[in-house]
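# Results of the structural survey
Residues per chain are reported as follows:
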Amino acid sequence: RLLERRNLCIERINSIEGLEVATPKGAFYMFIRLTDERWKSNDKEFVLKLLHEEFVLVVHGSGFSNEFGSGHFRIVFLPELKLLNEAFDRIERFLKKYRK
């Protein structure tokens, strides 16, 4: 189940403009890189606005490390596939909204 959920997340992330991720080897979380010009320098603002506007809770990468986490956010891929898909639909909608 974890492998299926991990693969779904990788597929969804790779299909969303403004996001990149490396495949985790043994963790149940992912550190997603923000490549979108508006957000790549402010992951904390991204996380807060995403929560308030789309009700998706993720963790800002700079909270883990300014050097290595800045411009990233972290998710866990333990939820069911339906919930993961819903979260990625909301993240994609949020990114598109601010790209306009």
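Before any of the text, the structure's been laid out above.
What you see is a predicted model, and the numbers here were worked out from it, not measured in a lab.

### Section: the packing of helix H2 (residues 43-54) against helix H4 (residues 81-99)
- Orientation of H2 relative to H4, taken along the N-to-C sense of each, is 110 degrees, at an axis distance of 10 Å. Classed by the angle they form, the pair H2 and H4 counts as roughly perpendicular. In contact with Phe 46, Lys 49, Leu 50, Glu 53 and Glu 54 of H2, H4 contributes Arg 90, Ile 91, Arg 93, Phe 94, Leu 95, Lys 97 and Tyr 98.

### A word on the sheet that holds strand S2 (residues 29-34)
- Taken together, the four strands give an open sheet; going across it, the order is S1-S2-S4-S3, and neighbouring strands pair in antiparallel fashion. Both outer strands of the open sheet, strand S1 (19-20) and strand S3 (59-60), are each paired with one neighbouring strand and no more.
- Summarising the sheet, S1 and S2 pair through two bridges and their orientation is antiparallel. Residue pairing across strands places Glu 20 opposite Arg 33, the latter belonging to S2.
- Lying over the sheet, helix H1 (residues 2-15) contacts S1, S2 and strand S4 (72-76), oriented at roughly 5 degrees with respect to S2.

### Concerning a nonpolar patch on the surface
- On the surface, Leu 2, Phe 28, Tyr 29, Val 76 and Leu 78 cluster together into a nonpolar patch covering about 420 Å² of accessible area.
- Structurally, the position occupied by Leu 78 is in the loop between S4 and H4.
- Residue Leu 78 is classed as partly exposed on the basis of its relative accessible area, which comes to 41%.

### Let's talk about unusual backbone geometry
- Positive phi is not limited to glycine here, since Phe 55 has a value of about 60 degrees.
- By secondary structure assignment, the location of Phe 55 is in the loop between H2 and S3.
- Phe 55 sits in the exposed class, given a relative accessible area of 64%.

### Describing the packing of aromatic side chains
- Per the stated rule, a full pass over the model turns up eight aromatic pairs.
- For the pair Phe 46 and Phe 73, a centre-to-centre distance of 5.1 Å together with 35 degrees between the ring planes defines the contact as tilted. Separated by 27 residues along the polypeptide, Phe 46 in helix H2 and Phe 73 in strand S4 bring together distant segments of the chain. In this pair, the class of Phe 46 matches that of Phe 73, namely buried.
- Through a chain of ring-to-ring contacts, the aromatic side chains of Trp 39, Phe 46, Phe 73, Phe 94 and Tyr 98 assemble into a single cluster.
- Across from the ring centre of Tyr 29, 3.8 Å away, lies the NZ or CZ of Arg 74, which sits over that ring.

Analysis parameters
Residues numbered from 1 in each chain as written. Predicted model: local features only at pLDDT ≥ 70, side-chain atom pairs only at ≥ 80, totals over all residues. Heavy atoms only, no water. Axes fitted to C-alpha atoms, helices over the stretch in contact; angles between N-to-C directions. Helix = DSSP H or I, 4+ residues; strand = E, 2+ residues; numbered from the N terminus. Parallel < 35°, antiparallel > 145°, perpendicular 65-115°, else oblique. Contact = heavy atoms within 4.5 Å. Pairing = 2+ DSSP bridges. Patch = residues over 30% accessible without salt bridge, like charges linked within 9 Å, V, L, I, M, F, W, Y side chains within 5 Å. Areas by Shrake-Rupley, 256 points an atom, 1.4 Å probe, with all protein chains shown as cover. Salt bridge = Lys/Arg side-chain N within 4 Å of Asp/Glu carboxyl O. Buried < 20%, exposed > 50% of the residue type's maximum accessible area, 1.4 Å probe, protein only. Phe/Tyr/Trp six-rings, centres within 6.5 Å; stacked < 30°, edge-to-face > 60°. Lys NZ or Arg CZ within 6 Å of the ring centre and 35° of its normal.

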